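# Structure at a glance
Here is how the chains run, residue by residue.
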There are 2 protein chains.
Amino acid sequence: MYTEPLQILIDELGKLPGIGPKSAQRLAFHLLRVSDEDALRLARAIAVMKEKTTFCERCFNIAEGTLCAYCNDPGREGSVICVVEDPRDIVAVERTHEFRGRYHVLQGAISPIEGIGPERLRIGELLSRIEPEAVQEVILCTNPTIEGEATAMYLARLLKPLGLRVTRIASGLPVGGDLEYADELTLGRALEGRHEVQA
Amino acid sequence: MYTEPLQILIDELGKLPGIGPKSAQRLAFHLLRVSDEDALRLARAIAVMKEKTTFCERCFNIAEGTLCAYCNDPGREGSVICVVEDPRDIVAVERTHEFRGRYHVLQGAISPIEGIGPERLRIGELLSRIEPEAVQEVILCTNPTIEGEATAMYLARLLKPLGLRVTRIASGLPVGGDLEYADELTLGRALEGRHEVQA
């Protein structure tokens with residue numbers, strides 16, 4: 001028998017992904033114990049984020065205005081678009097410092113099991129960027145999962161006829177990885193994608 | 001490179017117990033995706049809980065007013081106090097329907113490792129209840145952990161000289177448990193606490 005406001009908070013926390021009833025209880029009791037200031041800082045952070053953060057009108061990355069930081073940056077090459085599933089993937093690509101083009105966030109991947117068809121993704125919006133932005137290459141940078149591969153294949157089939165270069169990121173052994181512990185799918189991909197050694 | 005409001009939210013979520021940086025990111029992106037209404041319901045639940053929920057002035061259980069539901073209930077026996085570490089433990093005891101007395105929440109347990117000494121617990125407040133409430137029995141219902149046992153021993157030493165009955169909940173095999181899988185400490189306690197069979 002908790003107080004009603006506490007029970008409501010437990011219920012709301014329990015709706016978050018990966019937070020079961022026990023975790024929700026634990027988090028609620030943590031918020032009960034901490035100072036008002038600390039707890040309200042979290043409440044405020046949620047409200048401010050919802051008020052201020054939007055999606056880029058062009059590439060569907062997160063943004064604070066109509067366009068995201070990359071679409072707003074005139075220093076980025078407009079002729080190459082790197083297609084990712086999620087805004088978090090952009091952060092991962094940026095960390096490599098290997099890419100200076102623009103992005104397009106699909107906001108998901110095709111997944112028949114979860115009932116996500118291509119119409120749920122930002123695919124139409126990607127296609128409509130090709131001509132006006134004079135795109136010459138699209139890098140399919142979806143995850144190397146069943147869903148990500150299916151999405152990449154689907155996009156390749158749509159994009160190839162438009163006469164542009166369509167590439168897919170390589171699969172293989174992670175750098176620093178160990179052959180002995182590699183799963184056979186990854187090792188198979190690594191063999192398939194082998195390239196001539198420059199000596 | 002996330003937007004600032006999103007990064008602030010990730011940081012705040014990461015301060016919650018058991019939520020690492022990756023989980024914080026996942027939760028923040030979930031809140032980004034859901035409707036404003038859904039996200040703000042959580043923010044509001046935190047604020048309302050902090051505003052409305054207090055600790056009982058007598059037993060330190062959670063309360064909506066000055067006293068908690070049990071301290072306010074005239075049907076509860078005042079001469080027996082069940083001492084627990086946490087308000088959640090009260091919910092567990094209540095589920096047994098075996099106890100009709102009052103409670104006292106220590107708000108923790110003695111833990112030298114975490115630097116929690118007896119002075120951090122609501123022990124003085126417990127002692128000051130014994131005489132005015134004419135308490136005849138104190139049930140030490142702290143967890144059967146090292147910290148809980150140490151706390152129970154410490155309290156027993158303080159309470160015994162006051163001339164009241166001091167009891168400790170039994171340790172032993174859980175009902176439905178399996179001897180084969182019982183750890184030796186639990187089984188040892190079960191043997192130690194054996195009682196004559198009434199036939």
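Quick summary incoming for the structure in this document. Positions within a chain are numbered from 1, following the residues in the order the chain's sequence is written. In the order they appear in the text, chains get letters beginning with A and ligands get numbers beginning with 1. Restriction of local features to residues with pLDDT of at least 70 applies here, the model being predicted, together with a cutoff of 80 or more for giving and counting side-chain atom pairs; totals for whole chains, interfaces and linings are based on all residues. Note that water and hydrogens are dropped before the side-chain values are worked out from all heavy atoms of the structure.

### Some remarks on the overall build of chain A
Just so we agree on the cut-off: To qualify as a helix, a DSSP run of H or I must reach at least 4 residues; to qualify as a strand, a run of E must reach at least 2; elements of each kind are numbered from the N terminus. Within these notes, the globule rule equals 2.2 Å times the number of residues to the 0.38 power, and the radius of gyration is based on C-alpha atoms. Relative accessibility thresholds used throughout: buried, under 20% of the residue-type maximum; exposed, over 50%; partly exposed, between the two (1.4 Å probe, protein chains only). The accessible surface values rely on the Shrake-Rupley method and a 1.4 Å probe; as for residues, cover is taken only from the protein chains in view. Charge counting treats Lys and Arg as positive and Asp and Glu as negative, with His and both chain ends excluded. For charged residues, the charge sits on one atom: NZ in Lys, CZ in Arg, CG in Asp, CD in Glu.
Along chain A, the regular secondary structure elements total eight helices and six strands. Counting helices and strands in the order they occur from the N terminus, chain A gives α-α-α-β-β-α-β-α-β-α-β-α-β-α. The globule rule puts the C-alpha radius of gyration for 199 residues at 16 Å, and the 22 Å found for chain A is more than 25% above it. C-alpha atoms of chain A, sized along the principal axes, occupy 70 × 45 × 35 Å. Buried positions account for 44% of the 199 residues belonging to chain A. Put simply, chain A shows about 11400 Å² of open surface, and 54% of that area lies on carbon and sulfur atoms. Of note, chain A has its 23 positive side-chain charges centred 2 Å away from the centre of its 30 negative side-chain charges.

### Looking at the interface of chain A and chain B
Our working rule: In what follows, residue pairs with any heavy atoms lying within 4.5 Å of each other are defined as contacts. Computed with a 1.4 Å rolling probe, the buried area is the accessible surface lost when two parts are put together, summed over both parts. Salt-bridge detection follows one rule: a side-chain nitrogen of Lys or Arg within 4 Å of a carboxyl oxygen of Asp or Glu. Pairs of N or O atoms are called polar contacts if they sit within 3.5 Å, as long as, within protein, a hydrogen donor faces a hydrogen acceptor (for residues adjacent in sequence, only side-chain-to-side-chain pairs). The nonpolar class holds Ala, Val, Leu, Ile, Met, Phe, Trp, Tyr, Cys and Pro. Asp, Glu, Lys and Arg form the charged class, and all remaining residues, Gly among them, are polar.
Chain A puts 51 residues into the contact, and the matching count from chain B is 51 residues. Carbon and sulfur atoms make up 73% of the surface buried where chain A meets chain B, a total of about 4600 Å² over both sides. The interface formed by chain A and chain B contains four salt bridges. Here chain A is connected to chain B by ten residue pairs in polar contact (both at pLDDT 80 or more). Taken together, the elements giving at least two residues each to the side of chain A that touches chain B come down to α1 (4–14), α2 (21–33), α3 (36–52), β2 (62–63), α4 (69–72) and α5 (87–96) of chain A. Ranked by the residues each element gives to the side of chain A that touches chain B, the list is headed by α3 of chain A, at 14 residues. Each residue belonging to the side of chain A that touches chain B can be placed in one class, and the counts come to 32 nonpolar, six polar and 13 charged.

### As for α5 of chain A
Residue and element names in this part refer to chain A. Listing the buried residues of α5 in full gives Pro 87, Asp 89, Ile 90, Val 91, Val 93 and Glu 94. By the N-cap criterion, in which a side-chain oxygen at the helix start approaches the backbone nitrogen of a residue two or three places on, α5 is capped by Asp 86, the distance to Arg 88 being 2.9 Å. Phi turns positive, to about 55 degrees, at His 97, one or two residues after α5.

### Thoughts on the sheet that holds strand β4 (residues 102–105) of chain B
Neighbouring strands of a sheet are bound in pairs by backbone hydrogen bonds; such pairs are parallel or else antiparallel. Residues and elements named next belong to chain B. For clarity, the cut-off: Paired strands, in this sense, are two strands between which DSSP finds at least two bridges. Lines fitted to C-alpha atoms define the axes here, with helix axes fitted over just the stretch in contact, and angles between the N-to-C directions of these axes take values from 0 to 180 degrees.
The strand order β4-β3-β5-β6 describes an open sheet built from four strands, whose pairing is parallel. Looking at strand neighbours, the two that pair on one side only are β4 and β6 (165–168), the edges of this open sheet. The sheet shows a mean angle of 25 degrees between the axes of neighbouring strands, taken without regard to direction. Pairing geometry for strand β3 (residues 80–84) and β4, over four bridges, is parallel. Among the inter-strand pairings, Ile 81 is bridged to a residue of β4, identified as Arg 102.

### So, the relation of the copies chain A and chain B
Applicable threshold: The least-squares superposition of copies is restricted to C-alpha atoms, and to residues with a pLDDT of at least 70 in both copies.
With an RMSD of 0.1 Å, the operation that places chain A on chain B is a rotation of 180 degrees combined with a shift of 0.0 Å along the axis. The two molecules are tied by a two-fold rotation axis, judged by turn and shift. Among all C-alpha atoms of chain A, that of Ala 43 of chain A lies closest to the rotation axis, at 2.1 Å. A share of 100% of interface residues in chain A that are also interface residues in chain B marks the association as one of identical surfaces.

### Some thoughts on the pattern of salt bridges
Applying the stated criterion across every chain yields a total of 26 salt bridges over all chains. In this structure, Arg 168 of chain B engages Glu 149 of chain B in a salt bridge whose closest nitrogen and oxygen atoms are separated by 3.5 Å. Of this pair, Arg 168 of chain B sits in strand β6 while Glu 149 of chain B sits in helix α7 (residues 146–159), and the two are 19 residues apart along the sequence. Residues Arg 189 of chain B and Glu 149 of chain B are paired through a salt bridge, measuring 3.0 Å at the closest nitrogen-oxygen approach. Taken as a pair, Arg 189 of chain B in helix α8 (residues 184–192) and Glu 149 of chain B in helix α7 lie far apart in primary sequence, 40 residues in all. For Arg 189 of chain B, a relative accessible area of 31% puts it in the partly exposed group. In the salt-bridge network here, residues are joined through shared partners; they are Glu 12 and Lys 15 of chain A together with Glu 37, Asp 38 and Arg 41 of chain B.

### Observations concerning the pairing of β4 of chain B
Quick reminder of the rule: For crossovers, right-handed means that the path from the first strand over the helix to the second runs clockwise, given strands pointing away from the viewer.
With burial as the criterion, each face of β4 of chain B is covered, one bearing Arg 102 and His 104 of chain B and the other bearing Tyr 103 and Val 105 of chain B. Following the backbone out of β3 of chain B, through helix α5 (residues 87–96) of chain B and into the adjacent parallel β4 of chain B, one traces a crossover that is right-handed.

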